[in-house]
Amino acid sequence: MPNVSTRASPLRQVAHTHPIVRSAGRRTPGTVVGRRLPHLPEGPTLSSRVTLREQLLRRKPIEAFAAEQAHNDAAGGDAAGGLRRTMGAFQLTMVGVGATIGTGIFFALNSAVPEAGPAVIVSFVIAAITAAFTALCYAELAGALPVSGSSYSYAYATLGEFTAYAVGWCLLLEYAVSGAAIAVSWGEYLNEFTERVFGVHLPQAVSASPADGGVLNLPGVVLVVMCCLLLVRGTRESARLNAIMVVVKLAVLALFLVVGVSGFSSDNLRDFAPFGIAGIGTAASTIFFSFIGIDAVSTAGEEVRNPRRTLPIAIVCSLAVVTVVYVLVALVGVGAQPWTEFEGQEAGLAAILHNITGADWPATVLAAGAVISIFSITLVVLFGQTRILYAMGRDGMLPSTFARLSPRTRTPVRNTVVVSVFVAILAALVPLDKLADLTSMGTLVAFSVVSIGVLILRRTAPSLPRTFKVPGYPVVPLLSVAFCAYLIYGLPLETYVMFAAWLALALVVYVAYSRNHSRLAPTAPTPEPTPDPVGASR
């Protein structure tokens with residue numbers, strides 16, 4: 001068993017130096033995080049005086065985030081330390097591109113085109129504008145609070161504990177469903193590739209969910225297992241392989257653009273918006289979850305070098321690349337094929353190339369590229385979800401096992417295994433087209449919270465060092481919230497019902513467990529970092 005550091009935890013260290021902690025948005029003299037000040041008289045425990053409202057609204061001090069980072073960086077190679085900083089700006093940008101490009105092109109396009117017709121191009125532009133406003137807000141908060149947890153951590157510092165907890169649940173939902181949905185589409189392109197190259201097509205029983213006439217989607221399960229093994233091996237290896245796969249993905253999409261333009265026909269754009277403005281908005285809402293890469297970048301705040309500089313650069317650069325590719329591919333796609341043929345079409349881009357050229361090789365190359373591309377998306381999506389769980393486990397919002405790191409690789413091994421099993425089950429058994437809108441809802445709510453967080457933190461911590469500031473403040477954050485609200489409005493009623501049920505479940509778990517185990521609870525234990533014996537045995 002490796003030696004375990006006995007130094008005080010970062011949040012407990014803050015307690016020694018920060019005599020006033022915000023609770024329910026007000027100052028509570030004489031209290032500190034995790035213990036009573038020595039001069040307080042004996043009497044009823046402080047926890048008995050804390051109301052549910054105060055628990056819901058208490059905020060994590062900015063000093064606590066800084067102390068955690070100082071603790072992790074000072075730990076060096078200590079097994080009891082935090083996540084290891086291994087990524088630079090290029091690799092982190094590739095994380096954002098890898099988590100985004102492919103979802104809206106290889107999967108959501110077949111769902112969005114039937115909703116908007118050729119005007120899906122406008123839907124992508126609206127989604128991209130919304131994501132651009134939000135990305136600027138993410139860049140400011142990531143430069144000010146370069147930590148794991150992304151919008152969960154930002155909400156904890158600005159809007160209070162339960163809002164942060166609810167955002168965390170939104171993120172867990174969007175990452176899990178998004179990862180599973182992408183894994184399902186991977187099976188479609190894998191079948192397309194194996195059939196064209198080897199003449200082999202997997203039986204429907206092992207390549208489709210029960211709702212689609214199969215028994216389980218085996219390719220989706222295999223993909224998730226491979227990503228799990230790579231993430232357990234280490235962040236450095238995962239980031240390097242992801243960067244290679246992203247380059248391959250961009251090259252394949254460039255091939256699609258070059259070949260697809262030769263089959264472009266303006267006649268396919270004649271009935272441009274058959275469902276009007278409503279259809280455009282609905283399609284934009286459906287595809288918005290494909291911009292999850294913005295959030296995935298910020299989950300790596302504790303694993304990048306020089307995070308205050310690297311995070312804003314990677315967020316802005318990845319969004320720029322993603323927006324250009326999405327709009328160009330959507331334009332060429334609907335121009336090369338009548339929009340009525342997209343619905344129910346498997347491996348859509350490969351089919352378009354085959355129809356244009358009449359040859360197998362372009363479609364084969366694109367199918368192979370899609371197999372690689374979707375692998376990278378799933379890898380980054382699983383990575384992002386494990387880091388959200390890591391941050392929530394460290395704060396006491398979830399059991400501490402989610403925050404345990406392998407002494408050798410400094411990655412959350414148990415956390416990764418749990419996430420992978422859950423996503424694999426979804427990919428194998430659940431018809432995920434019904435959950436795509438629910439994922440968009442979670443993404444839009446999280447993005448709105450980040451934009452509101454910028455407004456609040458500018459007022460509550462004006463002197464906080466920021467390596468990037470949102471231009472056009474406060475107009476840009478307000479526009480971000482407004483655009484997110486517009487896209488939320490376009491989602492169907494059943495999505496609102498499912499989302500309300502998900503948040504109700506979050507509230508039950510919070511009241512039953514998290515509020516009493518929170519690291520901000522006066523009587524909550526402060527666990528020391530513990531090496532993960534599962535990872536130690538590897």
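Residues numbered from 1 in each chain as written. Predicted model: local features only at pLDDT ≥ 70, side-chain atom pairs only at ≥ 80, totals over all residues. Heavy atoms only, no water.

**Student:** What is the right way to read the overall build of the protein chain from this model?
**Tutor:** For the protein chain, the helix and strand inventory stands at 21 helices and four strands. Counting contacts in the protein chain only where the partners sit at least 6 residues apart, residues at least 24 apart contribute 82% of the total. Here the protein chain has roughly 19,700 Å² of accessible surface; of this, 66% comes from carbon and sulfur atoms. (Helix = DSSP H or I, 4+ residues; strand = E, 2+ residues; numbered from the N terminus. Contact = heavy atoms within 4.5 Å. Areas by Shrake-Rupley, 256 points an atom, 1.4 Å probe, with all protein chains shown as cover.)

**Student:** Sorry, what's going on with unusual backbone geometry here?
**Tutor:** Note that the residue after tyrosine 473, namely proline 474, is joined by a cis bond; omega there is 0°. Along the chain, proline 474 falls in the loop between helix H18 (436-460) and helix H19 (475-489). With a phi angle near 50°, asparagine 306 is a residue other than glycine that sits in the positive phi range. Residues other than glycine seldom take positive phi values, yet arginine 410 does so here, at roughly 55°.

**Student:** Explanation requested: the pattern of salt bridges in the structure shown.
**Tutor:** With the rule as written, the count across this model stands at seven salt bridges. Put simply, glutamate 161 and arginine 58 hold a salt bridge, and the shortest N to O gap is 3.0 Å. With glutamate 161 in helix H9 (residues 161-198) and arginine 58 in the loop between helix H2 (52-57) and helix H3 (62-75), this pair connects stretches of sequence that are 103 residues apart. For arginine 58, a relative accessible area of 4% translates into the label buried. For glutamate 140, the salt bridge identified is with arginine 458, shortest N-O distance 2.8 Å. Residue glutamate 140 is located in helix H7 (residues 120-144), and its partner arginine 458 is located in helix H18; the two are separated by 318 residues in the primary sequence. Residue glutamate 140 is classed as buried on the basis of its relative accessible area of 1%. One network of salt bridges, in which partners are shared, links Glu140, Arg458 and Arg466. (Salt bridge = Lys/Arg side-chain N within 4 Å of Asp/Glu carboxyl O. Buried < 20%, exposed > 50% of the residue type's maximum accessible area, 1.4 Å probe, protein only.)

**Student:** Honestly, the environment of leucine 250 in this entry has me stumped. Any pointers?
**Tutor:** As for its placement among the helices and strands, leucine 250 is situated in helix H11 (residues 235-261). The exposure class assigned to leucine 250 is partly exposed, which follows from its relative accessible area of 28%. Along the backbone, leucine 250 and glycine 98 are 152 residues apart, and their C-alpha atoms lie at a distance of 9.7 Å.

**Student:** Sorry if this is basic, but what is going on with a nonpolar patch on the surface here?
**Tutor:** Among the surface-exposed residues, Val206, Val215, Leu216, Leu218, Val222, Met226, Val417, Val421, Ile425 and Leu429 lie close enough to one another that they form a single nonpolar patch of about 740 Å² accessible area. Sorting the residues of the nonpolar patch by element identifies helix H10 (218-233) and helix H17 (413-429) as the ones contributing at least two each. Along the chain, leucine 216 falls in the loop between H9 and H10. With relative accessibility at 30%, the residue leucine 216 sits in the partly exposed group. (Patch = residues over 30% accessible without salt bridge, like charges linked within 9 Å, V, L, I, M, F, W, Y side chains within 5 Å.)

**Student:** What am I meant to see in helix H16 (residues 361-394) here?
**Tutor:** One full turn of an α-helix is made of 3.6 residues, so residues set three or four places apart face in the same direction. For H16, with 34 residues, the first-to-last C-alpha span of 50 Å sits near the 50 Å given by 1.5 Å per residue. Count one or two residues on from H16 and you reach glycine 396, which has phi positive near 85°. (Expected span 1.5 Å × (residues − 1).)

**Student:** Mind showing me how you'd approach the packing of aromatic side chains here?
**Tutor:** Each aromatic ring pair is characterised by the separation of its centres together with the angle its planes make. The tally for this structure, following the rule as stated, stands at 12 aromatic pairs. Seen in terms of ring centroids, tryptophan 169 and tryptophan 502 are 5.0 Å apart; in terms of plane orientation they differ by 55°. Their pairing is tilted. Within this pair, whereas tryptophan 169 is found in helix H9, its partner tryptophan 502 is found in helix H20 (residues 493-517), the two being separated by 333 residues in sequence. Judged by relative accessible area, tryptophan 502 falls into the partly exposed class, the value being 23%. Taken together, Phe162, Tyr165, Trp169, Trp502 and Tyr510 form an aromatic cluster joined through their ring pairs. Sitting above the plane of the phenylalanine 65 ring, lysine 60 keeps its charged end 4.5 Å from the centroid. Its guanidinium or amino end placed over the ring of tyrosine 473, arginine 458 lies 4.1 Å from that ring's centre, counting from NZ or CZ. (Phe/Tyr/Trp six-rings, centres within 6.5 Å; stacked < 30°, edge-to-face > 60°. Lys NZ or Arg CZ within 6 Å of the ring centre and 35° of its normal.)

**Student:** Quick question: what am I supposed to make of the confidence of the model for the protein chain here?
**Tutor:** For the protein chain, mean pLDDT is 80; residues scoring 70 or higher make up 83% of the total. Confidence drops under a pLDDT of 50 for residues 1-47, and excluding neighbours within four residues, the segment shows 83 contacts in the predicted structure. Every residue in residues 76-80 scores below 50 in pLDDT, and together they form 12 contacts with partners more than four places removed in sequence or on other chains. (pLDDT = per-residue confidence, 0-100.)

**Student:** In this structure, what is going on with the environment of alanine 506? I would like to understand it.
**Tutor:** Relative to the helices and strands, alanine 506 is located in helix H20. Once the C-alpha coordinates of alanine 506 and cysteine 170 are considered, the two residues, 336 residues apart in sequence, prove to be 9.4 Å apart. Excluding residues within four positions of it along the chain, alanine 506 makes contact with Phe162, Tyr165 and Trp169.

**Student:** Which parts of the structure should I look at to understand the packing of H9 against H20?
**Tutor:** A pair of packed helices is captured by two measures, namely the crossing angle of their axes and the spacing between those axes. Where H9 contacts H20, the two axes come as close as 10 Å, and the packing angle between them is 125°. Here H20 runs oblique to H9, going by the angle between their axes. Here H9 runs over H20; the crossing is right-handed. Mapping the contact onto sequence places Glu161, Phe162, Tyr165, Ala166, Trp169, Cys170 and Leu173 in H9 and Phe499, Trp502, Leu503, Leu505, Ala506, Leu507, Val509, Tyr510, Ser514 and Arg515 in H20. (Axes fitted to C-alpha atoms, helices over the stretch in contact; angles between N-to-C directions. Parallel < 35°, antiparallel > 145°, perpendicular 65-115°, else oblique. Left-handed = near helix turned anticlockwise from the far one by under 90°.)

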